[in-house]
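# Working through the structure, step by step
What follows is each chain in one-letter form.
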Amino acid sequence: MSEREDKSKQSMASAATGQDRKKFEMSDAKEYSCVKVEIDDEGIAWVSFNRPEKRNAMSPALHYEMEEVLPELETDPDVKVMVLTGEGVSWSAGMDLKEYFRETDNNPAARFKSYWSHRHWAQYLMLSSKPTIAMVNGFCFGGAFTPLAACDIAITAEEATYGLSEINWGILPGGNVSKVFSDLVSHRDAMFYAMTGRTFDGTKAVEMGIANLAVPGDKLRDETIALARELMEKSPAVLAFTKQAIKAVQGMDMNLAYEYLQAKQGALRNADKEGTRQKGMSEFLDNKSYRPGLGAVKRD
Ligand code: ACO
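Residues numbered from 1 in each chain as written. Predicted model: local features only at pLDDT ≥ 70, side-chain atom pairs only at ≥ 80, totals over all residues. Heavy atoms only, no water.

Attention now moves to a negative patch on the surface. A cluster of acidic residues, Glu158, Glu159, Asp201, Asp218, Asp222 and Glu223, forms a negative patch at the surface. Looking at the secondary structure, you find Asp222 in helix H10 (residues 220-232). Owing to a relative accessible area of 54%, Asp222 belongs among the exposed residues under this scheme. (Patch = residues over 30% accessible without salt bridge, like charges linked within 9 Å, V, L, I, M, F, W, Y side chains within 5 Å. Areas by Shrake-Rupley, 256 points an atom, 1.4 Å probe, with all protein chains shown as cover. Salt bridge = Lys/Arg side-chain N within 4 Å of Asp/Glu carboxyl O. Lys, Arg positive; Asp, Glu negative; His and termini not counted. Charge placed at Lys NZ, Arg CZ, Asp CG, Glu CD. Helix = DSSP H or I, 4+ residues; strand = E, 2+ residues; numbered from the N terminus. Buried < 20%, exposed > 50% of the residue type's maximum accessible area, 1.4 Å probe, protein only.)

Written out as structure tokens, the structure is:
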């Protein structure tokens, strides 16, 4: 039995003894200091920024850890949905002003490495084939908008506090924040919040298109689980292809998008080993047992 299989068995055993969450372990048993990962027995990977005493500011160490964690989760068959959240009162207070900025101002090699590490893990998140949910539990400032935008869906506490604070201390929203923020919101809102640095809450974040759902903080976890369960009812292959299609067509003109989607649709027929399309057709048209407009076809 491989070490990975052995760990998988152990975690199933702990689930059976009443622990509904298992501590994620890397194959080399590496311990993380800035990121916490737990995979529950339903297949939800809870990835938490874990520097609550620093409001989960993103240090170089946090970037390196995220860069290791995300490919592990991407390739772990136990993981069906990833949720990105923060320990304590903050989602993330953005880049660490001390460790990411000041301490690397005179160390270009260190800055280069942590910049690229951040860029790599943000890309992993953005291009993941698994559904990703940002569960914004508190402060979300500056650089935190990059991973927020990289997630497919965002659910926020109504009381969360968001802001592009860069203007307040002399930099512009870099690390692609200007790009992802202005892709999410209207031009007017991008200008207003980048130029004033004013904060806004979770309800406003939904109104602006930054998050999908705002719920009271004490309901945030339960609502996230409900959302994750809804996603897990779908075929993973269909979900992955749907995500890829929505993202890919953004840069295409009409004709190219038609061609791309036609080809992608054909490729999905091969990729979806569950035969969801055929099953859905048969249950709707032949058995009359299913309404595709109203819910996912039952998976085996
Ligand atoms: N970088 C480094 N340390 C931070 C950061 C940060 N972005 N945010 C908070 N911390 C640290 C504080 O320095 C403090 O550390 P200390 O205990 O060693 O003094 C600790 O976290 C707690 O911070 P407080 O300010 O005491 O917490 P409070 O709850 O009162 O306020 C808030 C939280 C509003 C998030 C405040 O810390 C803040 O304004 N942080 C800066 C947010 C920001 O501007 N982020 C953008 C950074 S730039 C970028 O991302 C590109």
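That was the structure; now back to the text.
So, about the pairing of strand E3 (residues 44-49). In terms of burial, E3 is largely enclosed, as six of its six residues are buried. The pairing of strand E2 (residues 35-40) with E3 spans five bridges and is antiparallel. In the strand pairing of E3, Lys36 is matched with Ser48. Hairpin remark: E2 followed by E3, antiparallel, with three residues in the connecting loop; positive phi at Gly43, about 105 degrees. As paired strands, E3 and strand E4 (residues 81-86) are joined by six bridges and run parallel to one another. Of the residues in E4, the one forming a bridge with Ile44 is Val81. (Pairing = 2+ DSSP bridges.)

Within the structure shown, the criterion is met by 12 salt bridges. In this structure, Glu87 engages Lys36 in a salt bridge whose closest nitrogen and oxygen atoms are separated by 3.1 Å. Here Lys36 lies in strand E2 and Glu87 lies in the loop between E4 and strand E5 (90-92), a separation of 51 residues in the sequence. Its relative accessible area of 23% is what places Glu87 among the partly exposed residues.

All right, on to the site of the ligand then. In the vicinity of the ligand there are 17 residues, among which Lys54, Ala93, Met95, Gly143 and Ser165 approach most closely. At 2.5 Å from an oxygen atom of the ligand is found a side-chain nitrogen or oxygen belonging to Lys54. Gly143 places a main-chain nitrogen or oxygen 2.7 Å from an oxygen atom of the ligand. Protein chains bury 62% of the 920 Å² of accessible surface belonging to the ligand in isolation. Those elements that provide at least two residues to the shell around the ligand are helix H3 (97-101), strand E7 (139-141) and helix H6 (166-169). Its residues assigned to classes, the shell around the ligand comprises eight nonpolar, four polar and five charged. (Near = heavy atom within 4 Å. Polar contact = N/O pair within 3.5 Å; in protein donor to acceptor, adjacent residues only side chain to side chain. Nonpolar A, V, L, I, M, F, W, Y, C, P; charged D, E, K, R; others polar.)

As a further point, take the side chain of His118. Considering the arrangement of structural elements, one finds His118 in helix H4 (residues 108-127). Judged by its relative accessible area of 4%, His118 is buried. Setting aside chain neighbours within four positions, we find His118 in contact with His63, Met95, Thr146, Pro147 and Gly175. (Contact = heavy atoms within 4.5 Å.)

Moving on, we get to the sheet that holds strand E10 (residues 199-201). With mixed pairing, the four strands of this open sheet are ordered in space as E5-E7-E9-E10. Pairing within the sheet leaves two strands with one partner each, and these edge strands are E5 and E10. Strand-to-strand twist of the sheet, defined as the mean angle between neighbouring strand axes without regard to direction, takes the value 20 degrees. Where E5 and E7 come together, two bridges link them in parallel fashion. Across the sheet, the residue bridging to Ser92 is Cys140, located in E7. (Axes fitted to C-alpha atoms, helices over the stretch in contact; angles between N-to-C directions.)

Right, let's get into helix H13 (residues 276-286). Residues of H13 that are buried: Thr276, Gly280 and Glu283. Burial along H13 is one-sided: seen end-on, the buried residues are contained in an arc of 75 degrees. Of the exposed residues in H13, the ones pointing more than 90 degrees away from its buried face are Gln278 and Asp286. Contacts from the buried residues of H13 go to helix H11 (236-248). Backbone geometry just downstream of H13 places Lys288 in the positive-phi region, at approximately 55 degrees. (Arc of directions from axis to C-beta.)

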